[in-house]
Amino acid sequence: MAKQKNQRASDHYTQRAKKEGYPARSVYKLEEIQQKFQLFRPGMRILDIGAAPGSWTLYLHRKMLKGKGGITAVDLKELGLNPLPSSVTFFKGDAFADDVRRRISGNGPFDAVISDAAPATTGNRTVDTARSEQLAEDVLALACEELKPGGSLVIKVFQGGAEQKLLQEMRSRFSKVKPFKPKASRSESFEVFLIGLALKAEQQSP
């Protein structure tokens, strides 16, 4: 019975995303994050790491920026957005590679860095959480280079215990840090989003 209920909830988000023209149901995770933390507003510059297929990018373009500001989206895969929204610059490649990082920096500094990125999973939770932790640490390091003082960060990480270390590191860099699991996350998922609010000026990388 519980499984059927979870499937119905999953189908609800999937069907809603299709109806509203989003590539994936993940858009509703970001919508919940925005409702809870009020991170985004018109005129902001936002960096979306691991942006494909593009639901978070499209949500920001449609609902948040409203023709003011811009989004830099980066992924190894193509965005599933055609045409590309006018506020979006897309770089295909590894966000942590030197050449792509230079291109990212050319569009910064940013008011917010967001990442729904996940590593390729193996089915081994220990391996998958370790990979997720490393990816989240890489996103944090990049964010501290590219964010303006006072900027915000959203990172996805798989829960496995080690995320507590990441939370501690974020608390040394941001004025406020909160873990958050949206209702739109699948019930069987062990993902959680770490929200960093107001990057401390002294913690911004030179």
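For the structure itself, consult the block above.
Here the structure is a predicted model, which means the values were calculated and not measured.

Asks: Is there a simple way to explain the packing of helix α5 (residues 125-146) against helix α6 (residues 163-173) in this structure?
Replies: Packed helix pairs are characterised by how far apart their axes lie and by the angle those axes make with each other. One way to put it is that α5 packs onto α6 with a least axis distance of 11 Å and a crossing angle of 10°. By the angle between their axes, α5 is roughly parallel relative to α6. Residues Glu-133, Ala-136, Glu-137, Leu-140 and Cys-144 of α5 pack against Lys-165, Leu-166, Glu-169, Met-170 and Arg-173 of α6. For the contact of α5 with α6, the class distribution of residues is five nonpolar, no polar and five charged.

Asks: Looking at this structure, I do not really get the pairing of strand β1 (residues 45-49). What am I missing?
Replies: Walk down a regular strand and you will see the side chains alternate between the two sheet faces. For β1, the tally of buried residues reaches four of five residues, placing the bulk of the element in the interior. With helix α3 (residues 55-65) bridging β1 and its parallel neighbour strand β2 (residues 70-75), the resulting β-α-β unit is right-handed. Bridge analysis of β1 against strand β4 (residues 110-115) gives four bridges, and the strand direction is parallel. Bridge pairing in β4 links Asp-48 to Ile-114.

Here is what the cut-offs are and how they apply
- Residues numbered from 1 in each chain as written.
- Predicted model: local features only at pLDDT ≥ 70, side-chain atom pairs only at ≥ 80, totals over all residues.
- Heavy atoms only, no water.
- Axes fitted to C-alpha atoms, helices over the stretch in contact; angles between N-to-C directions.
- Helix = DSSP H or I, 4+ residues; strand = E, 2+ residues; numbered from the N terminus.
- Parallel < 35°, antiparallel > 145°, perpendicular 65-115°, else oblique.
- Contact = heavy atoms within 4.5 Å.
- Nonpolar A, V, L, I, M, F, W, Y, C, P; charged D, E, K, R; others polar.
- Buried < 20%, exposed > 50% of the residue type's maximum accessible area, 1.4 Å probe, protein only.
- Right-handed = clockwise from strand over helix to strand, strands pointing away.
- Pairing = 2+ DSSP bridges.

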